[in-house]
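# Geometric and topological summary
What follows is the residue order along each chain.
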Amino acid sequence: QKEVEQNSGPLSVPEGAIASLNCTYSDRGSQSFFWYRQYSGKSPELIMFIYSNGDKEDGRFTAQLNKASQYVSLLIRDSQPSDSATYLCADTDTGSARQLTFGSGTQLTVLP
Amino acid sequence: DVKVTQSSRYLVKRTGEKVFLECVQDMDHENMFWYRQDPGLGLRLIYFSYDVKMKEKGDIPEGYSVSREKKERFSLILESASTNQTSMYLCASTAGTASGANVLTFGAGSRLTVL
């Protein structure tokens, strides 16, 4: 059975620091990887997705994918207290959300 | 913006009751999903639907059924609620196009407590 593993945390970083969130996946056939952010009591919302090895940047967020190591990460630069949330990693071995597998999430707290 | 609306944010039901969770999306999305979310277990797919009257089982369909009579509406049914179905239920939808088929838009969630 496919697995996506994340350190549940909590991960605490000071405001302005870089937060590094990590995710490993078991299916070598996985093609697409997603990071969702979920504030307490709210529903998940997509932050980024990545398909290719290497880095993908969007503002303060950078997703990194290493398919050889089956590892995907999310870096948050200049962390803000508003970044405090649970971050969910997900993958799929097709282009479809029907086969998305989610990790259990990492809780991030950014300390003022 | 795509809007996915779940009819009930909080429900309290008794063991054995029939429970309906309703979800409506307003962007003409082909695909709709029901997940449950439990601490430490992440999101688990219960059922999904890729067209009206079409449905497929997800990873944990036992104890649940679904209905999709109209494109915009996807209902989750607990025929006889049990305490182990106490959870947060999330509805989501995606477009049918290749570029949009893998980006989920979630509803606000329905927190169900079964006593």
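Figured I'd write up the structure that's included with this text. Please read all numbers here as calculations on a predicted model, not as lab measurements. (Residues numbered from 1 in each chain as written. Chains lettered and ligands numbered in written order. Predicted model: local features only at pLDDT ≥ 70, side-chain atom pairs only at ≥ 80, totals over all residues. Heavy atoms only, no water.)

### Re the interface of chain A and chain B
Many analyses report the size of an interface as the accessible area lost when the parts associate. Cut-off, in case you're wondering: Between two residues, a contact is recorded if the distance between any of their heavy atoms is within 4.5 Å. In this description, buried area is defined as the sum, over both parts, of the accessible area (probe of 1.4 Å) that is lost when the two are combined. Here, a salt bridge means any Lys or Arg side-chain nitrogen found within 4 Å of an Asp or Glu carboxyl oxygen. Polar contacts, as counted here, are pairs of nitrogen or oxygen atoms within 3.5 Å of one another; within protein the pair requires one atom able to donate a hydrogen and one able to accept it, and residues that are adjacent in sequence qualify only if both atoms are side-chain atoms.
Each partner contributes residues to the interface: chain A has 17 residues there, and chain B has 21 residues. Between chain A and chain B lies a buried interface of about 1,500 Å² when both sides are counted; carbon and sulfur atoms form 56% of it. Put simply, chain A and chain B have zero salt bridges between them. If you look at where chain A meets chain B, you find three residue pairs in polar contact (both at pLDDT 80 or more).

### Some words on the sheet that holds strand S3 (residues 19-25) of chain B
Residue and element names in this part refer to chain B. How we decide: Only strands that DSSP links by at least two bridges are regarded as paired with each other. Helix numbering and strand numbering both begin at the N terminus, where a helix is a DSSP run of H or I of at least 4 residues and a strand a DSSP run of E of at least 2. Angles here are taken between N-to-C directions and fall from 0 to 180 degrees, while the axes themselves are lines fitted to C-alpha atoms, restricted in helices to the stretch in contact.
Ordered by their spatial adjacency, four strands build an open sheet running S1-S3-S8-S7, and the pairing between neighbours is antiparallel. Only two strands of the sheet have a single partner each, and these edge strands are strand S1 (4-6) and strand S7 (65-70). Looking at each pair of strands side by side, their axes are set apart by 20° on average, direction ignored. One ladder, built from six bridges, connects S3 with strand S8 (residues 73-78); its direction is antiparallel. Its bridge partner being in S8, Phe-20 is matched across the sheet by Ile-77.

### Some thoughts on the nonpolar core
The test is simple: Among buried residues, those of type Ala, Val, Leu, Ile, Met, Phe, Trp, Tyr and Cys that are joined through side-chain atoms within 4.5 Å constitute a nonpolar core. Only protein chains enter the accessibility calculation, which uses a 1.4 Å probe. A residue is then buried if its area is under 20% of the maximum for its type, exposed if over 50%, and partly exposed in between.
Judged by nonpolar contacts, the single largest core of 22 residues is most densely connected at Trp-35, Val-72, Leu-74, Ile-76, Tyr-87 and Leu-108 of chain A. Only strand S3 (19-25), strand S4 (32-38), strand S5 (45-50), strand S7 (61-66), strand S8 (71-76), strand S9 (85-92) and strand S11 (106-111) of chain A provide two or more residues apiece to this core. Counting residues per element, this core draws most heavily on S3 of chain A, which supplies four residues. Listed in part, the 20 residues of the second largest apolar core include Leu-21, Ile-60, Leu-76 and Ala-81 of chain B.

### Things to note about the packing of aromatic side chains
Where we set the bar: Two aromatic rings, drawn from Phe, Tyr or Trp (for Trp, its six-membered ring), form a pair once their centres lie within 6.5 Å of each other, and the interplanar angle then sorts them: stacked below 30 degrees, edge-to-face above 60, tilted otherwise.
Inspection of the entire model under this criterion finds 10 aromatic pairs over all chains. Geometrically, the ring pair formed by Tyr-25 of chain A and Phe-33 of chain A is tilted, given 4.5 Å between the ring centres and 45° between the ring planes. One exposure class covers both Tyr-25 of chain A and Phe-33 of chain A, and it is buried. Geometrically, the ring pair formed by Tyr-35 of chain B and Phe-106 of chain B is tilted, given 6.0 Å between the ring centres and 50° between the ring planes. Of this pair, Tyr-35 of chain B sits in strand S4 (residues 31-38) while Phe-106 of chain B sits in strand S10 (residues 105-106), and the two are 71 residues apart along the sequence. Taking relative accessible area as the criterion, Tyr-35 of chain B reaches 1% and is therefore assigned buried. Overall, the relative accessible area of 8% leaves Phe-106 of chain B in the buried class. An aromatic cluster is present here, built from Tyr-36 and Phe-102 of chain A together with Phe-33, Tyr-35, Phe-48 and Phe-106 of chain B joined pairwise through their rings.

### Quick look at the sheet that holds strand S1 (residues 4-6) of chain A
Sheets are built from strands that pair by backbone hydrogen bonding, the pairs being arranged parallel or antiparallel. Residues and elements named next belong to chain A. Taken in spatial order, the five strands of this open sheet run S1-S3-S8-S7-S6, and their pairing is antiparallel. Two strands bound the open sheet, and with one partner strand each, they are S1 and strand S6 (54-58). Each adjacent strand pair in this sheet contributes to an overall mean axis angle of 20°, direction not counted. In this sheet, S8 lies alongside S7 in antiparallel orientation, the contact comprising six bridges. Pairing of Asn-66 across the sheet is with Tyr-71, part of S8.

### Section: the pattern of salt bridges
All names here are of chain B. Applying the stated rule across the entire model yields 10 salt bridges over all chains. Across the pair Lys-71 and Asp-28 runs a salt bridge whose closest N-O atoms are separated by 3.0 Å. Linking Lys-71 in the loop between S7 and S8 with Asp-28 in the loop between S3 and S4, this pair joins segments that are 43 residues apart in sequence. The residue Glu-69 makes a salt bridge to Lys-53 at a minimum N-O spacing of 2.4 Å. Of this pair, Glu-69 sits in strand S7 while Lys-53 is found in the loop between strand S5 (42-51) and strand S6 (54-57), placing the two residues 16 residues apart along the sequence. Connected through salt bridges with shared partners, the residues Asp-28, Glu-30 and Lys-71 form a single ionic network.

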